Amino acid sequence: MNFNFSRSRGIVWVCDIAASSRHLNNDNTVSALETFIPRLHWAGAAIVEAAGGIFVKWTGDGFLAWFEIELHRDIPRVASIIFEAIWHLSFMVNITQLDVKSEKPIKLRHGVAFEHDALITTITHPGGFKTMDITGRGVVLAFRLSSAPATFPCVVSTSELTEAYKSAGSIISFRKWAVSRDDRLRYFKGEKWGTSGLVVSAEKKHRMTSTANLLRKARKAIDAAEGHRPTVPSGLVDRIFAAFQTGPEWCKPVVIAHADFVKNKLLHSVKELAAQIDANHKSMSKHQIGKIAPRKARL
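It should be emphasised that the depicted structure is a prediction, and the values quoted were computed from it without experimental measurement.

Turning our eyes to something else, we now look at a nonpolar patch on the surface. Judged by side-chain polarity, Met1, Phe3 and Phe5 come together as a nonpolar surface patch covering roughly 370 Å² of accessible area. One can find Phe5 in strand E1 (residues 2-17). Classification of Phe5 by relative accessible area gives exposed; the value is 53%.

This is the structure in structure tokens:
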């Protein structure tokens, strides 16, 4: 074998299955997890490739992906597509479980960090086959971030990346994580490096709005979902579902379940809300809006 070493910089994405040890140690869930892991590996590789990254390796119950950054000004664009990919993967897993029947739901966690001084190892095997690995402080940090809890889509990152992400237009909200001494011991093995300026995904804070504005937004969302209003196409979404359309047999029920949830549950819920607002528009106050909002889906 031939080893080649080089330096680079970029963004590291580590995906991990939450509470995987608990699933593996339970006779009622271990079989489901063993079926799920190879499917996650396939789905992860497909989504990372669709996002323009390199699927570096499996990590037992997750994976490591690498997105090289040549120019500093590329960070917002690359960070944006990584966080979008994370959202879609987490959403797909939560809704479809990748067509795996499990006694307890399987969920993912993600860590995203910038690696300034990556050591890239390229290994050329007999026959010309090549593999790569990546080493660096940001890589270690991303692994440790993926072990920390957060709300959907369950991602922990640095403010350096999430601020760049916001500048490019974001679909995930974040809040600051003030790492305590106990947190540092539990998630970072007592290391201080990289534990300042951390953020976790959080529920978006909604501002009070008028019924007219809420009705206008609901109708706009319905028109976009049903194709009546032109929207900016997401190349990432198209590439993800193109891969799943030609993937293994289990991909077909995943795509069907995903489409069914979006169309018959989310869209139906928005239509119900719009109809109720429209019917009561003149008599409702701002404080009454929350009483008619449909119960949000658990992701």
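Of the residues making up helix H8 (residues 235-245), those classed as buried are Leu236, Ile240, Phe241 and Phe244. For H8, the angular spread of buried residues about the axis comes to 120 degrees, placing them on one side. Turned more than 90 degrees away from the buried face of H8, the exposed residues are Asp238 and Gln245.

Residues Phe5 and Ile120, spaced 115 residues apart in sequence, show a C-alpha to C-alpha distance of 5.6 Å. Excluding its chain neighbours within four sequence positions, the residues that come into contact with Phe5 are Leu119, Ile120 and Thr121.

We now examine the side chain of Glu115. With respect to the helices and strands, the residue Glu115 is situated in strand E4 (residues 108-124). Although Glu115 is buried, it makes no salt bridge; Arg137 carries the closest opposite charge, 6.3 Å away. At 2.9 Å, the side chain of Glu115 forms a polar contact with the backbone nitrogen of Asp117.

At a closest axis distance of 11 Å, the pairing of helix H3 (residues 75-96) and H8 adopts a crossing angle of 45 degrees. As summarised for this structure, H3 and H8 are arranged oblique, according to the angle between their axes. Read as a crossing pair, H3 and H8 show a hand that is right-handed. Residues Ile81, Glu84, Ala85, His88 and Met92 of H3 pack against Leu236, Val237, Arg239, Ile240, Phe241 and Phe244 of H8. Residues that form the contact of H3 with H8 fall into these classes: eight nonpolar, one polar and two charged.

Moving on to the nonpolar core. Core analysis: the largest hydrophobic core is formed by 51 residues, its most contacted members being Ile11, Trp13, Phe83 and Phe244. Among the secondary structure elements, those contributing two or more residues to this core are E1, helix H2 (30-50), strand E3 (62-68), H3, E4, helix H5 (159-167), H8 and helix H9 (251-280). Top contributing element to this core by residue count: H3, with eleven residues. One finds Trp66, Ala113, Val156 and Val179 within the second-largest nonpolar core, a separate group that totals 21 residues.

This part covers unusual backbone geometry. Across the junction of Phe152 and Pro153, the peptide omega takes the value 5 degrees, indicating a cis bond. Secondary-structure assignment places Pro153 in the loop between helix H4 (137-145) and strand E6 (155-158). One non-glycine residue, Cys154, adopts positive backbone phi at about 60 degrees. Its location among the elements puts Cys154 in the loop between H4 and E6. Positive phi, normally seen in glycine, also occurs at Lys189, with a value near 55 degrees. Mapping Lys189 onto the fold places it in the loop between helix H6 (181-188) and strand E8 (198-202). Residue class for Lys189 comes out exposed when judged on its relative accessible area of 69%.

Right, let's talk about the confidence of the model for the protein chain for a bit. Averaged over every residue, the pLDDT of the protein chain is 84; the share at 70 or more is 78%. Every residue in residues 217-233 scores below 50 in pLDDT, and together they form 15 contacts with partners more than four places removed in sequence or on other chains.

Burial analysis of E4 places twelve of its 17 residues in the buried class, the great majority of the element. Alignment of E1 against E4, held across 15 bridges, turns out to be antiparallel. Pairing of Val14 across the sheet is with Gly111, part of E4. Inspection of the sheet shows E4 paired to E6 by two bridges, in the parallel sense. Paired with His110 across the two strands is Val155, which belongs to E6. Across six bridges, E4 lies against strand E5 (residues 130-135) in antiparallel orientation. Looking at the pairing, Leu119 lines up with Thr135 of E5.

So, how was this worked out
- Residues numbered from 1 in each chain as written.
- Predicted model: local features only at pLDDT ≥ 70, side-chain atom pairs only at ≥ 80, totals over all residues.
- Heavy atoms only, no water.
- Patch = residues over 30% accessible without salt bridge, like charges linked within 9 Å, V, L, I, M, F, W, Y side chains within 5 Å.
- Areas by Shrake-Rupley, 256 points an atom, 1.4 Å probe, with all protein chains shown as cover.
- Salt bridge = Lys/Arg side-chain N within 4 Å of Asp/Glu carboxyl O.
- Helix = DSSP H or I, 4+ residues; strand = E, 2+ residues; numbered from the N terminus.
- Buried < 20%, exposed > 50% of the residue type's maximum accessible area, 1.4 Å probe, protein only.
- Arc of directions from axis to C-beta.
- Contact = heavy atoms within 4.5 Å.
- Lys, Arg positive; Asp, Glu negative; His and termini not counted.
- Polar contact = N/O pair within 3.5 Å; in protein donor to acceptor, adjacent residues only side chain to side chain.
- Axes fitted to C-alpha atoms, helices over the stretch in contact; angles between N-to-C directions.
- Parallel < 35°, antiparallel > 145°, perpendicular 65-115°, else oblique.
- Left-handed = near helix turned anticlockwise from the far one by under 90°.
- Nonpolar A, V, L, I, M, F, W, Y, C, P; charged D, E, K, R; others polar.
- Core = buried A, V, L, I, M, F, W, Y, C linked by side-chain atoms within 4.5 Å.
- pLDDT = per-residue confidence, 0-100.
- Pairing = 2+ DSSP bridges.

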